[in-house]
Structure formats: structure tokens, C-alpha cells
Amino acid sequence: MQQTDLSVYNNHPYHPGGSALKRAIWYYISSVFFKSGLLPVNGIKIALLRLFGAQVGKGVVIKPGVNIKYPWHLKIGDNTWIGERVWIDNLVLVTIGSNVCISQGAILQTGSHNYKKTTFDLITGSITLADGVWVGCGAIVNQGVIAANHSVLTSGSVANKHLEAYFIYQGNPAVKTRPRIIQ
């Protein structure tokens, strides 16, 4: 029976973008301004994200303790909130629409591994959170998922498949439970 052998792991042809120097500088800037919460000034965070290639709309709020892997793979619309300890592990593009709420401790995970291969190959897939989406506390959105307009992923739930517009999803794996009615 075959076994996983991480000694032969090679994530080629994946390349994170940016030079090695750019990635190193981002690592330290992210540690001070984003992950630590020592400087919770939102305007500075937005300016740094834009400096490193993110597209960020107006009225975006980024709370302390947020981990953004690569800002050059990030697009955020207007009036979006990103809560404490959110992890945007964007090995590839993450697109976040306008009026989106990503609650505390949520994870947007664009990478995984092929557990069927002995080499445990890297698998990536973009994530899209359309306008008005709410990702609850501690929820996980996995690679390749599209959350359509105003869909909701409840606290602690795990999205492995697309979420339909105006529906609420719950559980692991997340399943459609009821419509979202906005009054």
C-alpha cells in the first residue's frame, strides 16, 4: 500500500508572485501592522495593502490580528468588514465584494493538498465572496468556493461547495438550511 512521502513534496509549478524580497518585506510589515494589532490604525493598513498590490475599496475596516498571506492576490470592494483573527490564506486570488462581513476567526483557504498522491501535491483555487456575503465566526471557506450575493455561512461552518445567493448555509460540510430574507 502506498504512503505519503513528504520528503518528495515539491509545489512546482506554483509561484506566489512577487519577488523573494517583496514577500520578505510583506512578512515583517504584516507581522507589525496586521497580525500584532500594535498599530490598529485602519488607514495605514489600507495604504499598505494597496502599496503591495491589493485592490481595496472605500470604507473597508480591517480589525487587529488579521493574517493576509499575499496582498497582491486580494481584491476587496467597498464597505467590507474583516474581523479580528481572520486568516486570508490567499495563495491565489481572493475576491471580496462590497458590504461583506467576515467575522472573527474565519478562514479563507485557497490551498490544500492532493491526499491521493504520495507527493501530497498542492491544490489551489480562487475564492469569491460576492456582495453582501456574511462569513460567521470561525467559519472556513475552502479553495474554489464562490459565495453568491448575500449568502451566509454560519459560525463554525465549512464551505466546500458554492453557496447560492440569498441562502443560509450551516454545518460541516455546509448545507443550505433556509433562505436569507433581508428586510
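Coordinates for the structure precede this section.
What comes next concerns the included structure.

The rules behind each value
Residues numbered from 1 in each chain as written. Predicted model: local features only at pLDDT ≥ 70, side-chain atom pairs only at ≥ 80, totals over all residues. Heavy atoms only, no water. Pairing = 2+ DSSP bridges. Helix = DSSP H or I, 4+ residues; strand = E, 2+ residues; numbered from the N terminus. Bend = angle between axes of the 7 residues up to and from the residue. Buried < 20%, exposed > 50% of the residue type's maximum accessible area, 1.4 Å probe, protein only. Contact = heavy atoms within 4.5 Å. Patch = residues over 30% accessible without salt bridge, like charges linked within 9 Å, V, L, I, M, F, W, Y side chains within 5 Å. Areas by Shrake-Rupley, 256 points an atom, 1.4 Å probe, with all protein chains shown as cover. Salt bridge = Lys/Arg side-chain N within 4 Å of Asp/Glu carboxyl O. Core = buried A, V, L, I, M, F, W, Y, C linked by side-chain atoms within 4.5 Å.

## Quick notes on the pairing of strand S19 (residues 175–179)
Consideration 1: The pairing of strand S18 (residues 167–170) with S19 spans four bridges and is antiparallel. Within S19, the position partnered with Phe167 by the bridge is Pro179.
Consideration 2: Where S18 hands over to S19, the hairpin turn is made up of four residues, of which Gly171 adopts a positive phi near 100°.

## Details of helix H1 (residues 20–35)
Consideration 1: Roughly 30° is the biggest bend found in H1, and it falls at Ile29.
Consideration 2: Listed as buried for H1 are Trp26, Ile29, Ser30 and Phe34.
Consideration 3: On the buried face of H1, the contacting elements are helix H2 (42–51), strand S2 (61–62) and strand S3 (67–68).

## A word on a nonpolar patch on the surface
Consideration 1: Taken together, the side chains of Val32, Leu38 and Leu39 present a nonpolar region at the surface, about 270 Å² in accessible area.
Consideration 2: Judged by its relative accessible area of 38%, Val32 falls in the partly exposed class.

## Overview of the sheet that holds strand S4 (residues 74–76)
Consideration 1: Spatial strand order, S1-S4-S7-S12-S15: five strands in an open sheet with parallel pairing. Two strands bound the open sheet, and with one partner strand each, they are strand S1 (55–56) and strand S15 (146–147).
Consideration 2: Relative to S15, strand S12 (residues 127–129) runs parallel, the two sharing two bridges. Its bridge partner lying in S15, Thr128 is registered against Ile146.

## Observations regarding the nonpolar core
Consideration 1: If you look at the biggest cluster of nonpolar residues, it comprises 42 residues, and the most contacted ones within it are Ile88, Ile96, Ile102, Leu108, Leu129, Val135 and Leu153.
Consideration 2: At the level of elements, H1, H2, S4, strand S7 (94–96) and S12 are the ones that each hand at least two residues to this core.
Consideration 3: Once you skip the residues sitting within four places of it in the chain, Ile96 turns out to touch Leu74, Lys75, Ile76, Gly77, Thr80, Ile88, Ile102, Leu108 and Leu129.

## Remarks on the pattern of salt bridges
Consideration 1: Applying the stated criterion across every chain yields a total of two salt bridges.
Consideration 2: Among the salt bridges present, the one from Asp89 reaches Lys69, with a minimum N-O distance of 3.4 Å. Residue Asp89 is found in strand S6 (residues 87–89), and its partner Lys69 is found in the loop between S3 and S4; the two are separated by 20 residues along the sequence.
Consideration 3: Under the relative-accessibility criterion, Asp89 is labelled buried at 6%.

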